[in-house]
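Examining the three-dimensional arrangement
Chain residues, written in single-letter form:
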Amino acid sequence: MSDYPKITWHEAGIDQSARWCSESATPPPKKVVIADDRISADAAYRLACEGTALLWRGDYQNARQLLQAMARRCDEKPKKNKKLQINPIEAFNLHRQAQSQRARTLGMLLLPFNADHSIPLRRAPDVHLACSEVYGDVSEPYILSLRGLLGLIGAHEWRKNGVEIPALAGIANPMLAPPSQPSPAPESLRGKEQTNRCASSMLYARIHPHYGVFAPIRGEYVGLVNETPLPELIRTQSIAFDIGTGTGVLSAVLARRGIKRIVATDQDQRALACAHENLTRLGLADQVDVVQADLFPEGRAALIVCNPPWVPARPSSPLEYAVFDPESRMLKGFLGGLAAHLEPGGEGWLILSDLAEHLGLRSRTELLADIEAAGLQVLGKIDVKPHHPRVSDSSDPLHAARAAELTSLWRLGKQLIVDN
């Protein structure tokens, strides 16, 4: 356990230390004080803003209430004498700066954990399963922020309950099967029972995201992959690649559409385990190979699909790599290697939001230039308007960009070589 960072503090006249856990890769705070139910929200907030962490020894539920009070103070809007006009890039940078500062401040309320993932505090919940899904078995006590724990609990609920995927309606799923010997219903209820059984047979299959793997809650991009006509070559060469598979949702959609063999790639071990578990649960493991690779697997395919992170900015933590693509590395890597892995007559499907264009982080001209430089041509483009809650949230600092956003599926093929 010596490979893990340590957090140190002074308590009861003794210098103490423990393993430090932070999924956001935040280093352990240098200054730590002991806090309990007697501390006020104002005092806790002031210490946290100054960079002093509070190791909680009071009631767990009171710690949650304190965190909520600190969050309200973080979210208080500063009074402005005049409305400043700023461009989209400045708005984006200020928003990220504010979010980062908020995360640092709220991450200063810390909880102790025993080696069995139990919390030695009054009224603490049983979080063993949520913590073990992320950290596995540990052999020593550790310290984790309350905010980090709530993230683990939320991720555990997503993993347990899953996300409904309309594009997977009707897929074979033993988790949705009715009881093998249902009890007989009265004659007056049999018509209703039959209707309910028909409705249950149309339940959508679910994708269960793991912690740190991007959840497919923005369903418009999944719908694009489900509804875009497959290339004609699939009829004779039914092979597809899913680059950066994540949860495996796009591989499942392609398999549901009848593609016989799919190779799903990712570099992240959590994503690989997540995709394999989802595809196995859906009964598609024989149809989809999940392999670890930097973008492309070996060989060629008639269809290659990629949904890279949409915003070309530097992630502030490992968990943000699903959203931010520094210097568009994955996007450019996909475009640069696509032609070499496409079968003649095949298509590459690039799923990309134009949010970065509205924020001034990438222009349409730059994207088209990268496509052309990679020896590719645009065969077509299908757009859809996102419908997530932030689109209509006028209080969002990035509202103007989100309101104008489109998610697109770019159909790409090799450039035609014309002989003179």
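Details of the structure are given in the entry above.
A brief look at the structure comes next. Here the residue numbering is sequential within each chain, running from 1 through the sequence in written order. Reporting in this predicted model follows two pLDDT cut-offs: at least 70 for local features of residues, and 80 or more for side-chain atom pairs to be given and counted; totals over whole chains, interfaces and linings ignore these cut-offs and use all residues. To get the side-chain values, all heavy atoms of the structure are used, and hydrogens and water are removed first.

As a further point, take the overall build of the protein. Secondary structure elements follow DSSP: runs of H or I of four or more residues count as helices, runs of E of two or more count as strands, with numbering from the N terminus. When its secondary structure is counted, the protein shows 13 helices and 15 strands. Only protein chains enter the accessibility calculation, which uses a 1.4 Å probe. A residue is then buried if its area is under 20% of the maximum for its type, exposed if over 50%, and partly exposed in between. Residues classed as buried in the protein amount to 45% of the 420 residues present. Sequence separation of 24 or more characterises 72% of the internal contacts of the protein that already satisfy a separation of 6 or more. Here the protein has roughly 22300 Å² of accessible surface; of this, 52% comes from carbon and sulfur atoms. The contact rule is simple, with two residues in contact once any of their heavy atoms fall within 4.5 Å. Method for areas: the Shrake-Rupley scheme with a 1.4 Å probe, in which residue coverage is limited to the protein chains shown.

A pair of strands is treated as paired once DSSP finds two or more bridges between them. Here 7 strands make up an open sheet; going across it, the order is S11-S10-S9-S12-S13-S15-S14 and the pairing mixed. Since the sheet does not close on itself, it has two edges, and those belong to strand S11 (288-292) and strand S14 (376-384), each with one partner. Each neighbouring strand pair of the sheet contributes to a mean axis angle of 20°, computed without reference to strand direction. Relative to strand S12 (residues 301-306), strand S9 (residues 239-243) runs parallel, the two sharing 4 bridges. Along S12, the bridge assignment pairs Phe241 with Ile304. The angle between two axes is taken between their N-to-C directions and runs from 0 to 180 degrees, where each axis is a line fitted to C-alpha atoms and a helix contributes only its stretch in contact. In the packing of helix H8 (residues 249-256) onto the sheet, the strands contacted are S9, strand S10 (261-266), S11, S12 and strand S13 (342-353), and the crossing angle to S10 comes to about 175°. Where helix H9 (residues 269-281) meets the sheet, its contacts fall on S10 and S11, and the angle it forms with S11 comes to roughly 170°.

A few words on unusual backbone geometry. If you check the backbone angles, Arg123 has positive phi at about 60° while not being a glycine. Among the secondary structure elements, Arg123 is positioned in the loop between strand S5 (109-113) and helix H4 (128-135). Positive phi outside glycine occurs at Leu295, with the angle close to 70°. Within the secondary structure, Leu295 sits in the loop between S11 and S12.

With that settled, the discussion passes to the nonpolar core. A general tendency of soluble globular proteins is for nonpolar side chains to be buried together. Residues grouped as a nonpolar core are buried Ala, Val, Leu, Ile, Met, Phe, Trp, Tyr and Cys residues, joined through side-chain atoms within 4.5 Å. Ranked by internal contacts, the top residues of the largest apolar core, which has 64 residues, are Val225, Ile304, Phe334 and Leu335. Here Ile304 is in contact with Phe241, Ile243, Phe296, Phe334, Leu338, His341, Leu342, Glu347, Gly348 and Trp349, once residues within four sequence places are set aside. Within the second largest apolar cluster, 42 residues are counted, among which are Ala44, Leu66, Tyr135 and Ala155.

Pairing within the open sheet is mixed, and its 6 strands lie in the order S1-S2-S6-S5-S4-S3. Strands with a single pairing partner mark the edges of an open sheet, and in this sheet they are strand S1 (6-11) and strand S3 (31-35). Taken pair by pair, the neighbouring strands of this sheet meet at an average axis angle of 40°, ignoring direction. The sheet contacts of helix H5 (residues 146-161) involve S5 and strand S6 (142-145), and relative to S6 the element is tilted by about 80°.

With that settled, consider the environment of Arg261. Of note, Arg261 is situated in strand S10. Separated by 20 residues in sequence, Arg261 and Phe241 place their C-alpha atoms 8.7 Å apart. Look past the residues within four positions of Arg261 in its chain and what remains in contact with it is Ser238, Ile239, Ala240, Gln287 and Asp289. Side chain to side chain, Arg261 and Asp289 meet in a polar contact 3.4 Å long. For this analysis, a polar contact is any N or O atom pair within 3.5 Å, provided that within protein one partner can donate a hydrogen and the other can accept it, and provided that sequence-adjacent residues contribute only side-chain to side-chain pairs.

Relative to the helices and strands, Glu220 resides in helix H7 (residues 220-227). In this structure, Glu220 is in contact with Trp310, Val384, Pro386, His387 and Thr407, ignoring residues within four places of it in sequence.

This next bit is on the environment of Glu227. Tracing the backbone shows Glu227 in helix H7. Separated by 26 residues in the primary sequence, Glu227 and Val253 place their C-alpha atoms 10.0 Å from one another.

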